[in-house]
Amino acid sequence: MKKISILGSTGSIGTQALDVVRGLPGNLSVAAVAANANIQLLEEQIREFRPAFAAVFDEAAAQKLKLAVADCPVRIGAGMEGLCEAASLEEADLVLNSVVGMVGLEPTLAAIAAGKEVALANKETLVAGGALVMEAAKKRGVKILPVDSEHSAIFQCLQGRPPKAHDPEGSALKRLILTASGGPFFGKTREALAHVTPDQALRHPNWNMGAKVTIDSATMMNKGLEIIEAAWLFGMPGEQIDVVVHRESVVHSLVEYCDGSVIAQLGVPDMRVPIQYALTWPGRAPSPAKSLSLTEYGALHFAPPDPETFQCLAACQKALARGGLAPAAANGANEEAVKQFLNGKIPFLEIGELVTQAMERQPDAPCDSLEAVLEADASARAYVRERAMG
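Basis of the calculations
Residues numbered from 1 in each chain as written. Predicted model: local features only at pLDDT ≥ 70, side-chain atom pairs only at ≥ 80, totals over all residues. Heavy atoms only, no water. 1 Å grid on protein atoms, 1.4 Å probe; cavity = no way out; pocket = protein on both sides within 12 Å on 5 of 7 lines; lining within 4 Å. Points joined across faces, edges and corners; volume = space filled by probe spheres on them. Helix = DSSP H or I, 4+ residues; strand = E, 2+ residues; numbered from the N terminus. Nonpolar A, V, L, I, M, F, W, Y, C, P; charged D, E, K, R; others polar. Contact = heavy atoms within 4.5 Å. Salt bridge = Lys/Arg side-chain N within 4 Å of Asp/Glu carboxyl O. Buried < 20%, exposed > 50% of the residue type's maximum accessible area, 1.4 Å probe, protein only. Pairing = 2+ DSSP bridges. Axes fitted to C-alpha atoms, helices over the stretch in contact; angles between N-to-C directions. Parallel < 35°, antiparallel > 145°, perpendicular 65-115°, else oblique. Left-handed = near helix turned anticlockwise from the far one by under 90°.

**Quick look at empty space enclosed by the protein**
Summed over the entire model, instances satisfying the criterion amount to one cavity of 30 Å³ or more. What the largest cavity holds in volume is close to 70 Å³. Lining the largest cavity are Arg190, Thr219, Thr309, Phe310, Gln311, Cys312, Phe348, Leu349 and Gly352. For the lining of the largest cavity, the secondary-structure elements that each account for two or more residues are helix H13 (311-322) and helix H15 (349-361). Broken down by class, the residue content of the lining of the largest cavity amounts to four nonpolar, four polar and one charged.

What follows is the structure, encoded as structure tokens:
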């Protein structure tokens, strides 16, 4: 029985993870749940899964939850301290971090410090603090297991990689290929996107995700973040990580080896598959997802991305090439720009422009402390807010 702490349990990934737990009651149980402020759903989860601990990032909401579940044997935490306690809980074997945004970095570091395996669905953790996180994981001997469908696909495809004894230089692996749905605006020109509304940008063709992640898909920022994340997860330089637009979201990603073999992981677009693989790794178990029928799809299509129209993708590639705190600045600027767009303060195309500008104005500096990452993040956010108000 593997005991799991789920950070972001009321969000899209968190609720699907709990669905996986329901399907594998003899394999998985819930040690802790944590959410931002949705205490109604969190109370339902507490009553169903009986975790030892629950945290609410919003401190006022945490007090309301404490009263609501006073009859349950669960401790309640609040704020960042509560998130970090959920991440380092003694009863947990594995931490699923599915919170959205930079708020996920500190709990990831707390989980690693406590020696917990981390199933990572929070892109920003590695984008902003990749050097810190991977160094900490290496020192503690902690595994970082990918949850994103693309990184899970690469992780699975890499099972065919030759053992180190047969490839001491690591030269067998030639390229990682991330697939992208293209979001709702694939094929559109900048002119066509000039007056896009938040409602239009939130209509993803294949995946059911939260607002921030869906907007990131529309701008292709999500694919830029995934390039940076893949570089850290798999130790690959940016120039060996490619992106291909694949509208059907059936091929989740691919790896190419030096002999020309390309291995792909396929499946219906259902996040419960990569979530379950991360939770049950190295084993596999029956999944609630529908079986893939290639004959039902009939054809699969692929196209190159358009980084000139979708500037966020190019900005992330440049940030990865620069290294240091540039990715943290790009990520912070994007989080703030998405917020401003959803609030009607800036147009859609300005998201990419502001991410690029904030990343470029970030001074070259190493990513050598949590404080440095948070400072770069705050500076980029402030820059975007200032521009939005202007």
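**Details of the side chain of threonine 280**
Summarising the element assignment, threonine 280 is placed in helix H11 (residues 272-280). Once you skip the residues sitting within four places of it in the chain, threonine 280 turns out to touch Lys2 and Leu24.

**Quick look at the pattern of salt bridges**
Applying the stated criterion to the full structure yields 24 salt bridges. For aspartate 19, the salt bridge is made with arginine 22, and the minimal N-O distance between the two is 3.9 Å. Placement of the pair is aspartate 19 and arginine 22 together in helix H1 (residues 12-23), with a separation of three residues, close to one helical turn. A relative accessible area of 28% places aspartate 19 in the partly exposed class. A salt bridge links aspartate 148 to lysine 123; the shortest N-O distance between them is 3.2 Å. In this pair, aspartate 148 sits in the loop between strand E7 (144-146) and helix H7 (149-157) while lysine 123 sits in helix H6 (residues 123-140), placing the two residues 25 residues apart along the sequence.

**Let's talk about the environment of leucine 173**
Topologically, leucine 173 is positioned in strand E8 (residues 173-180). In the structure, leucine 173 is positioned 15 residues away from leucine 158 in sequence and 8.7 Å away in space, judged by C-alpha atoms.

**Description of the sheet that holds strand E9 (residues 241-245)**
Ordered in space as E9-E8-E10-E11, the four strands form an open sheet in which the pairing is mixed. Two strands lie at the open edges of the sheet, namely E9 and strand E11 (262-266), each paired on one side alone. Sheet twist, expressed as the mean angle between neighbouring strand axes with direction ignored, is 20°. The sheet contact formed by E8 and strand E10 (residues 251-257) spans five bridges and is antiparallel. Within E10, the residue paired with leucine 178 across the bridge is serine 253. In the packing of H7 onto the sheet, contacts are made with E8, E10 and E11, and the angle to E10 comes to roughly 40°.

**Observations regarding the layout of surface pockets**
Estimates place the volume of the second largest pocket at around 520 Å³. Only H6, E7 and helix H10 (221-234) provide two or more residues apiece to the lining of the second largest pocket. For the lining of the second largest pocket, the element with the most residues is H6, which contributes five residues. Split by residue class, the lining of the second largest pocket holds 12 nonpolar, two polar and four charged.

**What about the packing of H1 against helix H2 (residues 39-49)?**
Orientation of H1 relative to H2, taken along the N-to-C sense of each, is 15°, at an axis distance of 13 Å. Overall, the two elements H1 and H2 adopt an arrangement that is roughly parallel. Considering how the two elements wind past one another, H1 and H2 form a crossing that is left-handed. Contact residues: H1 offers Thr15, Leu18, Val21 and Arg22, while H2 offers Leu41, Gln45, Glu48 and Phe49. Residue composition of the contact of H1 with H2, grouped by class: four nonpolar, two polar and two charged.

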